[in-house]
Amino acid sequence: MGKKITLGTSLTLIIIAIAITFSLTMVISLRNFNEKVSSITERENMYAKFTEIDDYVRQNYKSHINETRLMDAVASGYLSGIDDPYALYMNAETYAAYVAASSQTVAGVGVLASMDSDGYMLVNKVYDSSTAESAGILPGDLIIKVDDINLSADTYSQAEALLIGDAGTKVTLTVRRDNEDTEMEITRRVLTPTTVYTRTFGNYHYIRIDSFTESTPDQFAKIVDSAVSSGAEALIFDVRSVSGGLVSSAATMLDKLVGSGDMLYVEYNDGTSEVLYSSNSREVNITMTVLVNEGTAGAGEFFAAGLRDFGKAKIVGSQTAGVGSLQKIFKLDDGSAIQLTIGKYYLSNSQSAWEQTGVTPDHAVSLDYALDLTDISLLDTNLDTQLAKAIEVTSSSILPTDSEDSAEGTSDEG
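Residues numbered from 1 in each chain as written. Predicted model: local features only at pLDDT ≥ 70, side-chain atom pairs only at ≥ 80, totals over all residues. Heavy atoms only, no water.

Draft legend 1. Representation of the environment of Tyr 346 in the model. Mapping Tyr 346 onto the fold places it in strand 18 (residues 337-347). The buried category is assigned to Tyr 346, whose relative accessible area is 16%. Residues Tyr 346 and Val 275, spaced 71 residues apart in sequence, show a C-alpha to C-alpha distance of 9.3 Å. With near-sequence residues (within four places) excluded, Tyr 346 lies in contact with Met 263, Leu 264, Tyr 265, Glu 267, Gln 351, Ser 352 and Ala 353. (Helix = DSSP H or I, 4+ residues; strand = E, 2+ residues; numbered from the N terminus. Buried < 20%, exposed > 50% of the residue type's maximum accessible area, 1.4 Å probe, protein only. Contact = heavy atoms within 4.5 Å.)

Draft legend 2. Structural context of the sheet that holds strand 12 (residues 234-238). Spatial strand order, 10-11-12-15-16-19: six strands in an open sheet with mixed pairing. For this open sheet the edge positions go to strand 10 (196-201) and strand 19 (363-364), each flanked by a neighbour on one side alone. Of the strand pairs in this sheet, strand 11 (residues 204-209) and strand 12 are connected by five bridges, and their pairing is parallel. Its bridge partner being in strand 12, Tyr 206 is matched across the sheet by Ile 236. (Pairing = 2+ DSSP bridges.)

Draft legend 3. Layout of helix 9 (residues 385-396). Compared with the 16 Å implied by 1.5 Å per residue over twelve residues, the 17 Å span of helix 9 between its first and last C-alpha is a close match. Inspection of helix 9 places Gln 386, Leu 387, Ala 390, Ile 391, Val 393 and Thr 394 among the buried residues, and these make up the whole buried set. On an axial view of helix 9, the arc spanned by its buried residues comes to 165°, and they lie on one face. In this structure, the buried side of helix 9 is in contact with strand 10, strand 11, strand 12, strand 15 (287-292), strand 16 (313-317) and strand 19. (Expected span 1.5 Å × (residues − 1). Arc of directions from axis to C-beta.)

Draft legend 4. Spotlight on the nonpolar core. Phe 212, Phe 220, Phe 237, Leu 257, Phe 302, Phe 303 and Leu 307 are the most contacted members of the largest nonpolar core, which totals 41 residues. In this structure Phe 303 touches Ile 209, Phe 212, Phe 220, Phe 237, Val 239, Ala 250, Met 253, Leu 254 and Leu 257, once residues within four positions along its chain are discounted. One finds Tyr 120, Val 123, Ile 144 and Leu 151 within the second-largest nonpolar core, a separate group that totals 22 residues. (Core = buried A, V, L, I, M, F, W, Y, C linked by side-chain atoms within 4.5 Å.)

Draft legend 5. A look at the packing of aromatic side chains. Under the defined criterion, the tally for this structure stands at eight aromatic pairs. Taking 6.0 Å as the distance between ring centres and 85° as the angle between the ring planes, the aromatic pair formed by Phe 201 and Tyr 206 counts as edge-to-face. The class of Phe 201 is buried, set by a relative accessible area of 16%. Relative to Phe 237, the ring of Phe 220 has its centre 5.6 Å away and its plane inclined at 40°; by these criteria the two rings are tilted. Remark: Phe 237 occurs in strand 12 and Phe 220 occurs in helix 6 (residues 216-229); sequence separation between them is 17 residues. Among the aromatic residues, ring-to-ring pairing joins Phe 212, Phe 220, Phe 237 and Phe 303 into one connected group. (Phe/Tyr/Trp six-rings, centres within 6.5 Å; stacked < 30°, edge-to-face > 60°.)

Draft legend 6. Local environment of the confidence of the model for the protein chain. With 85% of its residues at a pLDDT of at least 70, the protein chain reaches an overall mean of 87. Low pLDDT, under 50, characterises residues 402-414; the stretch is placed with two contacts to residues that sit more than four places away or in other chains. (pLDDT = per-residue confidence, 0-100.)

Draft legend 7. Local environment of the side chain of Ser 249. Residue placement: Ser 249 occurs in helix 7 (residues 247-257). Residues within four places of Ser 249 in sequence aside, it is in contact with Phe 212, Thr 213, Glu 214 and Pro 217.

Draft legend 8. Region of interest: the packing of helix 6 against helix 7. Their axes nearest at 9 Å, the elements helix 6 and helix 7 cross at an angle of 25°. Judged on the interaxial angle alone, helix 7 and helix 6 are roughly parallel. When you trace helix 6 past helix 7, the crossing you get is right-handed. When helix 6 is examined against helix 7, the residues Thr 216, Pro 217, Phe 220, Ala 221, Val 224 and Asp 225 are found in contact with a partner set consisting of Ser 249, Thr 252, Met 253, Lys 256 and Leu 257. (Axes fitted to C-alpha atoms, helices over the stretch in contact; angles between N-to-C directions. Parallel < 35°, antiparallel > 145°, perpendicular 65-115°, else oblique. Left-handed = near helix turned anticlockwise from the far one by under 90°.)

Draft legend 9. Geometry of the pairing of strand 16. Of all five residues in strand 16, four are buried, a share of seventy percent or more. Note: strand 15 against strand 16, five bridges, orientation parallel. Note that in strand 16 the partner of Met 288 across the bridge is Ala 313. Following the chain from strand 15 across helix 8 (residues 299-309) to the adjacent parallel strand 16, one finds a crossover that is right-handed. (Right-handed = clockwise from strand over helix to strand, strands pointing away.)

Draft legend 10. Quick look at the pairing of strand 11. When you tally the buried positions in strand 11, you get six out of six residues, the bulk of the element. Neither face of strand 11 is exposed, since Tyr 204, Tyr 206 and Arg 208 on one face and His 205, Ile 207 and Ile 209 on the opposite face are all buried. In the sheet, strand 10 pairs with strand 11 via six bridges, with the strands oriented antiparallel. Paired with Val 196 across the two strands is Ile 209, which belongs to strand 11. If you look at the hairpin formed by strand 10 and strand 11, you'll find two residues sitting between the two strands, and Gly 202 has a positive phi there, around 65°. Regarding topology, helix 6 serves as the crossover connection from strand 11 to the parallel strand 12, and that connection is right-handed.

Draft legend 11. Region of interest: unusual backbone geometry. Residue Asn 179 is not a glycine yet carries a positive backbone phi of 65°. As for its position among the elements, Asn 179 is in the loop between strand 7 (170-177) and strand 8 (180-187). A positive phi is found at Gln 351, a non-glycine position, where the angle reads about 55°. Structurally, the position occupied by Gln 351 is in the loop between strand 18 and strand 19.

Printed below as a string of structure tokens:
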């Protein structure tokens, strides 16, 4: 017979177990407490350092301090100091402009611009039917002053925000062309920018996507439907130099083209994952090719890689930028906002990511001249070797039509 355990022994074992559990709990609690104390101490030291700097500045710097600009700089500096390449701070004006630019309709002057080496606004595109077009502004012009703000790297964001505002309000621009400056007053107008353009190369429909906004999917759907109904043999999509934009818009556009299934999921920083976008069974069954380059980022990368992930298209061009993570914007009490990375994107079928690595083309082709896509009617396949390769790849990948399938399935041989 086995040896019986007495009541006293049982009680002793239970007490030992409780003691061990209590000890482990205390160790874990103490460790968490120490970590919290350490974190609190570090934050207190950081704030103490800032206070010390602020005291020295206010005691010794006698010029006026713009408190709003100072706090904007502090917030921006804080986010630039963390290990998140996409973290950023937007003051209230910049955030309002961001929200307006992402919406379907924008009240503004109607230009797409970027900052040049001097901090001026280089006009890259003037939207059709915009007040900027009516005023005679052209791509290549420099905006050097907006209202009372002289353009520089420090004032660029503030000046850029002034281009957008309530419809019917006015803004004064100083525009430089051929070293001659012209001041003009322009009225902000509600504008739905054209973001999708098309032309044909034989019976191939080339479709240029300029950006991924809320209005892009509707424009895209109309152009694709028109191409298909006109008997297009193939579609060549161009997302070269398309940076940023709404991934949700790219997903809607892919949903029109690919078959049913999950398209994209995110793995959050805490290790959990979630499917973000799925497509229905509707799809377009003609040959597709996508053009990309080193300037293709974010939504453009997803659009190209997503088509290939469903086996719908080949990719032509050069390695893309590698922007494939999910950011979330947190609006602050004063109307400003911060952006933080909260997860990483993965294509659902291949479970592959493109963050940092980029999307590798099926056909790598370099480009030896400055690409200008502001007017697609000027595209020249003799110069644009990437486009020429896309047409070649498309030609060799044409899907058979229903009638051709039928012909291949019959035989006159007896």
